[in-house]
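Overview (structure and organization)
Residue strings, one per chain:
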Amino acid sequence: MTEDELIWRIAGGSGDGIASTSQNFAKALMRAGLHVFTHRHYPSRIRGGHTYTEVRVSADEVKSRGDGYNFLLALGDSFARNPQENAYYGNEEIKPLSENLDELHEGGVIIYDSGLLDPSEIENFDERVEENNWHVYDIDLRSMAREHGREVMRNTAGVGVTCALTGIELEWIEELMESAMPEKILEPNIEILNEAYDMIHEEYDVDAPDVKVPSGEHDEEQVLLSGSDAIAYGALDEGCRFIAGYPMTPWTEVFTIMSQNLPEVGGISEQVEDEIAAAALAIGASHAGAKAMSGSSGGGFALMGEPLGLAEMTETPVVLVEAMRAGPSTGMPTKPEQSDLEHVLYTSQGDSQRIVFAPGTAAEAYTQTRKAFEIAYEYQIPSIVLYDQKLGGELANVPASVFDEEPNPSLGSTLTEAELEDAPHSDTGKYKRFQHDVEDGVSPRSIPGQKGGRFLATGNEHTPEGHISESPENRVAQLNRRVQKTEAIRAELDTSSKDDSHQTYYGPEDADYGLITFGSQQGTVEEAVDVLNENGHSVKSLGVSDMMPFAEEEVAEFIESVDEALVVEMTASAQFRGLMQKELGLYGEKLSSLLKYNGNPFEPAEVVEGFEVNIIEDDELDHNRMKFVPSAGD
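Residues numbered from 1 in each chain as written. Predicted model: local features only at pLDDT ≥ 70, side-chain atom pairs only at ≥ 80, totals over all residues. Heavy atoms only, no water.

This brings us to the pairing of strand β2 (residues 35-41). Here β2 lies mainly inside the structure; six of its seven residues are buried. Here β2 pairs with strand β3 (residues 50-58) via seven bridges, running antiparallel. Looking at β3, one finds that His41 is bridged to Tyr52. (Buried < 20%, exposed > 50% of the residue type's maximum accessible area, 1.4 Å probe, protein only. Helix = DSSP H or I, 4+ residues; strand = E, 2+ residues; numbered from the N terminus. Pairing = 2+ DSSP bridges.)

This is the structure:
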C-alpha cells in the first residue's frame, strides 16, 4: 500500500444501504480514472448487525484490500436489535464506530453521524483520537437527511462530506447518481450531496487531514464487477441457457445474476426446493441438449454429491459452482474461507472424475468459467468452478477487453443426425453411446429425439448401449476410459504457454523464495511479494487454479526453482498444501504453511509478517490471527 491511496470504509447496519452506496462510490472513482478494489464485511442477518465496505482507491493497480484504512464514515446501525450496553451482543447501534477504530491509520479521518452515535459511550475514545492524531467530524447526517424527506439519504450526505475532505470532484458522484437513480429520488439526493459538501467547506478546514484522493487515468476502458458477475457472464458467453438452484449465501449472487440475464437470451432459470433437485434439473437440461449449470455453497453442495455422481457415470456434461464459506455445517455463512477444497475434490461415490478450477481474480473467473463449460461439453464430464465469499463479493475494475470474446454455443462432442447414420449401433438399433475404445476416452453423445441416437442412460455401470452390466471386463474397460478423460484434459491444459496457463506467475523468475496460493488470495499474495522484494528479500509467487486434474508439472517446476516455499491459504488444516504433497509425492521439506481461518481474509501485511517472522527470522507469531505450520522435519 502506498501513502497516496484513499481507503474509505463506510460502516452501518445491514439494510442501511452500505453495499449500494459503496458500489456507486467505487464506480464513480473508477470512471474518474482511478483503480478501485472493495472489501465487504457483513453479518448473517437481513436487517441490522454491523456491516462495512472498504473502497481502496489508487492511481496504480490494486489487487487486494489494503492494510487497514485511513477514512471512516460511521453511520451507526439504524436496525440495531438492542442499543443497550448490557445486551447480549452489546450496543449494536454504536458498533459501526466502536468496532472500526483498531485498523484506522494514524492521522486518519472519522466522520460519524451525531444524530445516532455518541462517542462518549466508547471507552477511551477521546484519548485514542489524540494518541493517533485522528481528525474527527461529528455531523448530524440523520437530521440533514430527514429535512430532505428520507433518512436513508444520510449515506449521500456522508459521501458529500467525504468528497469535501478528500478533494473528490462532486461531478464524478453526480454523474454516477444520474445514471443509477430513478428521477423521483435523484433531485433530493443531489441536493443533500451538495448541501453537505458546501457545509464542510464553510465550517471546517478541509486541508487539515492529510488524506486525499489521488488522481489517475486509465489506459483503456474499465468495468467494475465482482467474481460472481464474472462467473455469470462467462457462463452466458459460453452459451449456458439453463440454471437451476436454491438460494444459499454466497452462491446466491451468481444464481441471481444468471436469473436476471437468462430471459434476455432465451434461457430459463428455475428456483427449486433443494440442491438435489437443482443439480438434477441441470443434468436433465444438459442431457436434453442445453448448456446447463447449477451451484451452491457448503452444505448445499453436499446434497449435490448424488446427482454429481450420476453426471459422472452417465457422462452428462454440466457445470457446477461452489462458493466456499466458513464451515462446517452453517458455520459463518457470510465469512470467507477456503476449506471446502477437499469436499469439492472428492465428494461423490467411487472413483469419480471431474474438473475443478479455482480462479484467483474476476478476470480469471470469467475465462475459467468459459473453459469449464468448454471442457465439460467436449469431454462429457462435470466441471466445477470453486471460489469463495471474498472473490464472489469484492468489486474491482477490470479492463473491458477481457470480455471482448466471441460467444460459444457449441455442445462439444455431440453428433448430428447425419453423423449418427455412420456411428456404431447394436443389433436392436441402439446407439453405442459408451464405446470402449475411443480417442481420449470421449465417446460422442447424441441428443434425445435425434434419429438413430437412442440409448439408455443409467447410474449403474453399463455396456456401450447403456444396459446395466456387472461384467468385470466391461467394468474395467469403462472405468479406464472415463479415467482417460482427465489424463487427456491435463495434457491439453499442459500445452498452454505460461502466458495462457491458468496458473499465475508473479515476481522475479530467479527468486530464492516462493509463495504459493490458490483462489482469492492471489492478489493479496502478489502485493505481499512486492513489499517483500522492496524489503530486500528475493521472493516470487504462484497462484494455482487447476485443482483437478492438478497442475503437477507447473507446481513442481516452481517448487524446484526456490529454496523454500510458504503456502498461503484460508484453511485450518492446510488442505491446499496437503493436495500438493499428495499429487507430487515430494517437497515435504520445502513446504510450510501460513493459515488464516478467523473469518477475515489475509491482508498483504499479514503475509509479509508471516514470511519474515517464520521463514526469515525462524521465530513465532505473537498473535493468533494466523497460524504457521513448518515444513516436514522442522
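Let us keep going from here.
It is worth spelling out the packing of aromatic side chains at this point. All chains considered together, the criterion is met by eight aromatic pairs. Here the aromatic rings of Phe518 and Phe576 are separated by 4.9 Å at their centres, their planes lie at 40°, and the arrangement is tilted. One end of the pair, Phe518, is in strand β16 (residues 513-518); the other, Phe576, is in helix α20 (residues 575-584), and 58 residues separate them in sequence. Phe518 sits in the buried class, given a relative accessible area of 1%. With relative accessibility at 0%, the residue Phe576 sits in the buried group. Directly above the aromatic system of Tyr52 lies the positively charged group of Arg9, at a separation of 3.8 Å from the ring centroid. Sitting above the plane of the Phe602 ring, Lys596 keeps its charged end 5.9 Å from the centroid. (Phe/Tyr/Trp six-rings, centres within 6.5 Å; stacked < 30°, edge-to-face > 60°. Lys NZ or Arg CZ within 6 Å of the ring centre and 35° of its normal.)

Under the counting rule described, the total for this entry stands at 31 salt bridges. Taking the shortest distance from any N to any O, the salt bridge between Asp16 and Arg154 comes out at 3.7 Å. One end of the pair, Asp16, is in the loop between β1 (6-13) and α1 (18-31); the other, Arg154, is in helix α5 (residues 154-166), with 138 residues separating them in the sequence. When sorted by exposure, Asp16 lands in the same class as Arg154, which is buried. Across the pair Arg65 and Glu103 runs a salt bridge whose closest N-O atoms are separated by 4.0 Å. (Salt bridge = Lys/Arg side-chain N within 4 Å of Asp/Glu carboxyl O.)

Okay, the domain arrangement of the protein chain next. When its domains are assigned, the protein chain resolves into domain 1 (5-203), domain 2 (223-403), domain 3 (417-494) and domain 4 (502-629). Taking only C-alpha atoms into account, the centre of domain 2 sits 26 Å from that of domain 4. Each partner contributes residues to the interface: domain 2 has 26 residues there, and domain 4 has 25 residues. It is Gln338, Leu341 and Lys390 in domain 2 that bury the most area against domain 4; as a group they hold 27% of the surface buried on that side. For the pair domain 2 and domain 4, the interface holds zero salt bridges. For the interface between domain 2 and domain 4, the tally reads twelve residue pairs in polar contact (both at pLDDT 80 or more). Put simply, the parts of the chain that give the side of domain 2 that touches domain 4 at least two residues each are α13 (341-346), β12 (355-357), α14 (362-379) and α15 (389-393). In terms of residue count, α13 provides more of the side of domain 2 that touches domain 4 than any other element does, four residues in total. Its residues assigned to classes, the side of domain 2 that touches domain 4 shows twelve nonpolar, five polar and nine charged. (Domains from an automatic or database assignment. Contact = heavy atoms within 4.5 Å. Buried area = accessible area lost by both parts, 1.4 Å probe. Polar contact = N/O pair within 3.5 Å; in protein donor to acceptor, adjacent residues only side chain to side chain. Nonpolar A, V, L, I, M, F, W, Y, C, P; charged D, E, K, R; others polar.)

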